Every structure is written in structure tokens, then in C-alpha cells.
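# Observations on the model geometry
Listed here are the chains, written in short residue letters.
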Amino acid sequence: MSRHIIITGASRGIGAAIAQHFLDLGDTVVALSRSGTAPEGCALSLAVDVANSEALNEAVKTAIAAHGPVNTVVINAGVTRDGLAMRMSDEQWREVLSTDLDGAFYTARATMASMVRAREGSIIFIGSISPFIGVPGQANYAAAKAGLVGLARSLAKEVATRGITVNVVAPGLIDTDMTSDLGAAKDQMSSMIPMGRIGQPSDIAGLVGFLASNHSRYITGAVIAVDGGLSLGL
Ligand code: NDP
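Each chain has its residues counted from 1, following the order in which its sequence is written. For a predicted model such as this one, the threshold for reporting local features is a pLDDT of at least 70, and the threshold for listing and counting side-chain atom pairs is 80 or more; totals across whole chains, interfaces and linings nevertheless cover every residue. To obtain the side-chain values, all non-hydrogen atoms of the structure were included, while hydrogens and water were left out.

## What about unusual backbone geometry?
Worth spelling out the cut-off: The secondary structure listing takes helices from DSSP runs of H or I that are at least 4 residues long and strands from runs of E that are at least 2 residues long, numbered from the N terminus.
Even without glycine at this site, Arg119 takes up a positive phi of about 55°. Structurally, the position occupied by Arg119 is in the loop between α3 (90-118) and β5 (121-126).

## Observations regarding the pattern of salt bridges
Our working rule: Note on definitions: salt bridges are taken to be side-chain nitrogens of Lys or Arg within 4 Å of carboxyl oxygens of Asp or Glu. A 1.4 Å probe rolled over the protein chains alone gives each residue an accessible area, and that area as a share of the maximum for its type sets the label: buried under 20%, exposed over 50%, partly exposed in between.
The tally for this structure, following the rule as stated, stands at five salt bridges. In this structure, the salt-bridge partner of Asp27 is Arg3, at a minimum N-O distance of 2.6 Å. Remark: Arg3 occurs in the segment before β1 (4-8) and Asp27 occurs in the loop between α1 (13-24) and β2 (28-33); sequence separation between them is 24 residues. Per residue, the accessibility class of Asp27 equals that of Arg3, and both read buried. Linking Asp203 and Arg197 is a salt bridge whose minimum nitrogen-to-oxygen distance equals 3.0 Å. Judged by its relative accessible area of 28%, Asp203 falls in the partly exposed class. Accessibility expressed as a relative area gives 43% for Arg197, which makes it partly exposed.

This is the structure we're talking about:
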């Protein structure tokens, strides 16, 4: 049976690969992003800034009105604004925290009621290994992604008896626009990956698909790295 899957940041990169994974399974995919673009085949594609809670609530209402209760939400939208902490501006700090953490909370909150009513569902946050290994220049990003872990684990306990699982997928270095301007640092980082290669967006989509499936109903509050061994399991 076709499930209703909402994915933020589905216009490209990891989010687009996740959307494609569910589309290939015949699911109904609603894609949210700033640009409003999405892989072909998505049932609905809406332009929304996840950091704007009112706009986000409206987008989720539109999705539910069109496609019914949400089975799975993949909270993937994220940005980086790297810089050494001593020189990091307030704007650099706030932009990352408001998109990567505030936006994640708004998305979870907006979609949870539908799952609680149905007494089933999966909430999947796309975190990062950054807070676990520490990355110079990413104090804002690592703080936001660390925040996701506390958010996810608290939500996991709030909704555990309702049949809803809440987990964090923590990618390592993945080949997307986000990492395209790392230059020589990318080669240096990839040489540290035990599996000897940078990850592809499809590497993340596989785990997300599993966490949304009936095969993972007893997994909640977990943080799972997908990083070729870079963090050795966090
Ligand atoms: P990309 O930069 O390729 O894509 C980011 C996506 O997020 C786009 O779809 C973009 O939409 C959307 N987005 C950004 N800001 C907003 C916003 N305010 N409101 C709505 N949508 C927004 O990134 P990745 O695919 O690489 O990253 C996806 C997730 O994976 C992020 O959370 C990232 O932190 C995480 N991650 C990525 C890693 C990597 O190595 N690539 C490593 C670890 C974690 P639009 O195109 O419309 O702007």
C-alpha cells in the first residue's frame, strides 16, 4: 500500500535520493524545499522555508489535506555556513541553527499529531557525525546537529507508546552540493575514511528506507552513522 512520506530538502542531494527511494517503492512523496523543485514523480512539491514555522505548518496541512495522514517524515533540510568560531558572525550562527535545528523541530511538531492519531509512523532526522567527531569551522553546524539528537531522543520517549519511532541518521562525507566547495580538504578527508571513498546520497537513502519500514519497528531513539567507518559507529 502506498504510504504518505514527507521529505524536507528533497530538491537535491540526499533528500532527492531519499525521495527517489520511496518513489521507486510506489509511495506518495511530498517534497518540501526552498526552491520547490523535486524529483519527477513526487505527488506534491511545495516551496517553503522550514525555518518559518507558520509557512511550514501550512505546507504540512496542504500535504495532509491532499494525501491523508503522514506515515513517515524525513527531516533532511539543512545548510552549512562554515567559519572559525572566533570569526563567526551572528548571522552565520543563526542561519544554521534556525534551518538545521529550529526547522527540524517545526517539521517534527507539524507532522506528529497525524501520526499520533494513526498510532503509527516514523520520524527520521538527518543529523551528521560532525558533533561526534568535532569539525573545526563547524561550531554552528555541529551544535545544531547535536541538538537534533536531544530532540529526537526526547520525542522518541514522548511517542514510543503510540507506535511511532524517532531516529537520527548521521551521514559522514557525502557527495552533494553541500560538500562541492571543500576542494583539497575533501581529498584529505576522504583519505581518512576507512572504506576509502566518499559516500553517495543513495547510501543514506537505504537506511532511511529501512527505518521507515516494518522491519525496524523496535528501533527508536537511535543515532546511526552512515560514513564508511569515519566515526567507527560514533
Ligand atoms: P544540499 O545542499 O545538497 O541540499 C540541501 C537541501 O536542503 C536542498 O533541498 C535545499 O533546498 C534544502 N534546504 C536548505 N535550507 C532550507 C530551508 N531553509 N527550507 C527548506 N529547505 C531548505 O545538502 P545535502 O543533500 O548534502 O544535505 C542534506 C542533509 O544531510 C542536511 O541536513 C545536511 O546537513 C546533512 N548532511 C550532509 C552531509 C554531506 O556530506 N553532504 C554530511 C552530513 C549531514 P533548496 O535547493 O530549495 O534550497
